Amino acid sequence: MRLARTLFLLLIASAASAATTTIPPIAFKYRVLPNGLEVYSVQDRSTPTVAIHVWYRVGSKHDPQGRSGFAHLFEHIMFKSTKNMPAEMMDRLTEDVGGFNNATTFDDSTAYYEVVPSNYLETLLWAEAERLGSLTVDDANFKSERDVVKEEFRFRILAPPYGKLFYAIDKNSFVAHPYKRPGIGSIEELDAATIDDVKAFHATFYRPDNAILLVAGDFEQQQLDGWVDKYFTPIAKPSTEIPNVNVEEPARKEEKRVDEYSANVPLPALAMTWLTPSARHEDAVPLFIASTVLADGESSRLQEKLVRGEIAQEVFSDANLREDLGLFAVVAIMGSEKKPADAEKLIRAELASMAEKPVSAAELEKAKNLILTSALRERETSNGKAFSLGEALILQHDAAFVNAGLAKVQAVTAADVQRVVKKYLIEGKPLVINYLDESAKGGAQ
Amino acid sequence: MKRLLLSIALALPLVAQQVAPPPPAAPREVKLPQPAEKTLANGLRVIVVPKHDIPLVAARLLVKTGAAADPADRDGLAELTATVLTQGTKTKSAEQIARGVEALGATLSADAGWDFTSIDLSVMSSNLSSAMTYVADVARNATFAKTEFERERAQAIDALQVELTEPRPLAGVVMSRLIFGDAPYGHNLTGLPASLAKITREDLVKFHAAHYRPDNAVLVLAGDIKADDAFALAQSAFGGWKSSSRRGAESTSSSKTRRLDDLKPRVVVIDMPESGQSAVVVGRAGIRRADAAYMNAMVANSVLGAGYSSRLNQEIRIKRGLSYGAGSSFEPRVDVGPFTARTETKHESAAEVAGLLVGELNRLSQSDVPEAELTPRKAALIGGFAQSLETTSGIVNRVSSLALYGLPLSDINRYISGVQAVTADDVRKFAASNLGGKDVNVVVIGDAKQFAEPLRAQFGEVEVIAAEELDLASPTLRVRKAKN
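For clarity, every value in this text was computed on a predicted model and none was experimentally measured.

Before going further, it helps to spend a moment on the overall build of chain A. A tally of helices and strands in chain A yields 15 helices and 12 strands. Judged by the C-alpha coordinates and their principal axes, chain A covers about 60 × 50 × 40 Å. Put simply, chain A has 445 residues, and 60% of those count as buried. By sequence separation, contacts in chain A at least 24 residues apart represent 81% of the contacts at least 6 residues apart.

Following this line, the structure appears as structure tokens:
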């Protein structure tokens, strides 16, 4: 789940990767500072704006014990005061001069980013170094922002009719790995968090050797390098270890079925998930294509069978590739008078057919073209390019994947898709969630 | 390419005891797109904005009629017509269209707004001409087959069931009724289950024939294409498109008499005890897009409720932690569109945030915005404008909006100076006549027992309507025979 600081989030298409011969490659430069900070830059002087990103290798999976939701709460706190910046000064340096800022907490990482007129580049490098170096939030600011996050919880989970369905997916899909804890947390565990937790979290994870600086857009290389040296080099690298998540999620031995109930569910829904390997595994790209074939676009298999077939109101599929292991998910909101079981039957039949018979050349080509065009859209802006790089670094441990991922998408064969569907979605055991209105409790659905 | 200086004033706060951030360098110029245009013999206006850095094109066929033209008992007709438009033509089935478009990696969608319907295409430039044949085919030759119509209508009714159980979207629909009553902008754009049930396939065919015509449309393209190539492509795809003889009603919304002033402002609570959060909206009639005060409205709203650091978000989220976000907007249309300010909060805070929303409208209309606040809010507006021009779809949005409202395309070159010319005095005067005062409607949807009393204490008369007694088709909002 992606959680952002604000509603005014610039949504980036979630591409596992992508690029092709017709896509201009992202030409990036790389260097690493003595304190371990990795620095990537992509020059594009076509518009006088620049995107500055800092990605930290800490995400919801690093939430401390009994503090689910903490990494995300912490992300909000990073906009409060530092030694030389009062609370919300990041807004003064971005929004007030015609730019914007935001931040997103992922399962595996947290990204902070700004887009500003390029004459403010040095100012923002200073500001990002400032909050990497120190955080001096007071208790009043902490509590007020914690209330904001509790409202975000209500906004995302409690108010929308299907919020609790999405909340239930990770919780029920994993048994051991911390991916099982919802990134948004819970009201109780958010309430348990203290300002001491904030200090400890910053000291543990917010350090130059656990961060990636990405600058894309309008800058002069030598000047950028000089500013990066000036503001980031003085930040010391702590001698302590960076804690790592090393939990093996056991393979599912059998299917699991869960019924979830909520008030005001106008139409029942179904979610099915399967465990898949890490984004770096060779099967990840074929799984991404399988997901596209299944439900991306009106002519995809499940859109035709379920939506055009008037079983479901809406259906989508997500390969959801993550750093440690992935979670392939198919979700359907039923049409009126239809039951989740109706959708489940058709989804299983479609997966069986994909495992039995390779997708046609035309269908494979279509999926690749859709992925390609969506990658092009992401690369229209410097901010999008920085996002592609950040994602490649976190999920693939390799920035070059922004360009090489293309070749991988293009190289996927129908046999690859068939093989991964069979291996993970047929031989793998699904979790099935039926999501129903409270009134259906105890009754037959 | 013409260049304008994007001069953004320095607006860094003074931080005396601390190390100050390094100041900005001299700003660079913003490049503004230069549209080229041509009108085909059949009346279709074609506008092109070349931009060659990424091999991508966004295109929109804009039909200058939308949901404001929905007949009185056919709410949702414009949107349903747009939805079924892509579901089959004289020569292609719905499946053939979807497969053909997606094989090109393209996305094609059609949607109605209040004053327009748009058919949008996004495609890599090498596949543009093939993809454009689908846009032309659905615009010109849609057949609205009965089975496709019935399926889309059933799904639209299901979608409404979902939408209207969530406080936030429901609050918007209720607010439209309060502001516009039974005038054209008063209904839900996508209709209601009962109005959709009344719509027939023939209604769609008639709506399409009357309004989808070259002399009522504009084709806008932005991206990796040369102007001359775009004109040639437009000619080959749309040159043979003829306007049917029957002309649709001209500017439907403004031709109807609007008596918005006669509507009494109301404070309405919809009681949904099991909802997870309350939605709070305040609103009133706003301005027309062609209004001379448009720039004043944009700047006033930037101060009040657009962006993270606007007053509403400052007061409600940043200072008090009462919401994930609060904001406001004008939706200037052919006729007077709505102004709304909105937020969501836990039920027990709903009355408090309603008071904060109304209080900020009044503050803006009573005292001048200090320069130290006005300058950054103008910069934020200008920055948002510049960012919107960085993508092909953003350019298409900006340009088609000017075309729709009959404004000169050169306005794109005047936006920045227009924002900069607005003074604190302009903002206060505009707010005094358009935002403050007693004409504001309030809608709160959530668990009424937690906020109805404090709401009454602030606003006096409050109508509490149980969710099951709500009738969105009626300006009274109540099903007949409802108990009070």
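What follows continues from the structure just given.
So, about the sheet that holds strand β10 (residues 312–318) of chain A. Residues and elements named next belong to chain A. Read from one edge of the open sheet, 5 strands run β8-β12-β9-β11-β10, paired in mixed fashion. In this open sheet, the two strands that pair with only one neighbour each are β8 (256–262) and β10. Recorded for the sheet is a direction-independent mean angle of 15° between the axes of neighbouring strands. Here β10 pairs with strand β11 (residues 326–334) via 6 bridges, running antiparallel. By the bridge assignment, V315 is partnered in β11 with A332. The strands touched by helix α11 (residues 340–356) are β9 (269–276), β10, β11 and β12 (431–437); relative to β9, the strand with the most contacts, the crossing angle is about 35°.

As a further point, take the sheet that holds strand β7 (residues 117–124) of chain B. With respect to topology, 6 strands assemble into an open sheet ordered β3-β4-β8-β5-β7-β6 (chain B), the strand pairing being mixed. Strands with a single pairing partner mark the edges of an open sheet, and in this sheet they are β3 (36–39) and β6 (107–112) of chain B. When strand polarity is set aside, the average angle formed by the axes of neighbouring strands in this sheet is 15°. Inspection of the sheet shows β3 of chain B paired to strand β4 (residues 45–50) of chain B by 4 bridges, in the antiparallel sense. Each bridged residue has a counterpart across the sheet, and for E37 of chain B the counterpart in β4 of chain B is I47 of chain B. Strands β5 (56–63) and β7 of chain B of the sheet are contacted by helix α12 (residues 361–378) of chain A, whose axis makes an angle of about 100° with β7 of chain B.

Let us now look at the pairing of β5 of chain B. Residue and element names in this part refer to chain B. The buried count for β5 comes to 8 of 8 residues, which makes it a mostly enclosed element. Residues L56, A58, R60 and L62 point to one face of β5 and V57, A59, L61 and V63 to the other, with burial holding for every one of them. Examined bridge by bridge, β5 and β7 share 8 bridges and lie antiparallel to one another. When the sheet's bridge partners are listed, A59 is paired in β7 with L121. Sheet topology places β5 next to strand β8 (residues 217–223); 7 bridges connect them, and they run antiparallel. Residue pairing in the sheet places L62 in a bridge with V218 of β8.

Next up on the list: the interface of chain A and chain B. On the side of chain B, 71 residues touch chain A, which itself brings 64 residues to the contact. Of all the secondary structure elements, the ones that give two or more residues to the side of chain A that touches chain B are α2 (89–93), β6 (110–117), α3 (121–133), α4 (139–158) and α12 of chain A. Classifying every residue of the side of chain A that touches chain B gives 24 nonpolar, 20 polar and 20 charged.

Definitions and limits used
Residues numbered from 1 in each chain as written. Chains lettered and ligands numbered in written order. Predicted model: local features only at pLDDT ≥ 70, side-chain atom pairs only at ≥ 80, totals over all residues. Helix = DSSP H or I, 4+ residues; strand = E, 2+ residues; numbered from the N terminus. Buried ≥ 20, exposed ≤ 12 C-beta atoms within 10 Å, placed from the backbone. Contact = placed C-beta atoms within 7 Å. Pairing = 2+ DSSP bridges. Axes fitted to C-alpha atoms, helices over the stretch in contact; angles between N-to-C directions. Nonpolar A, V, L, I, M, F, W, Y, C, P; charged D, E, K, R; others polar.

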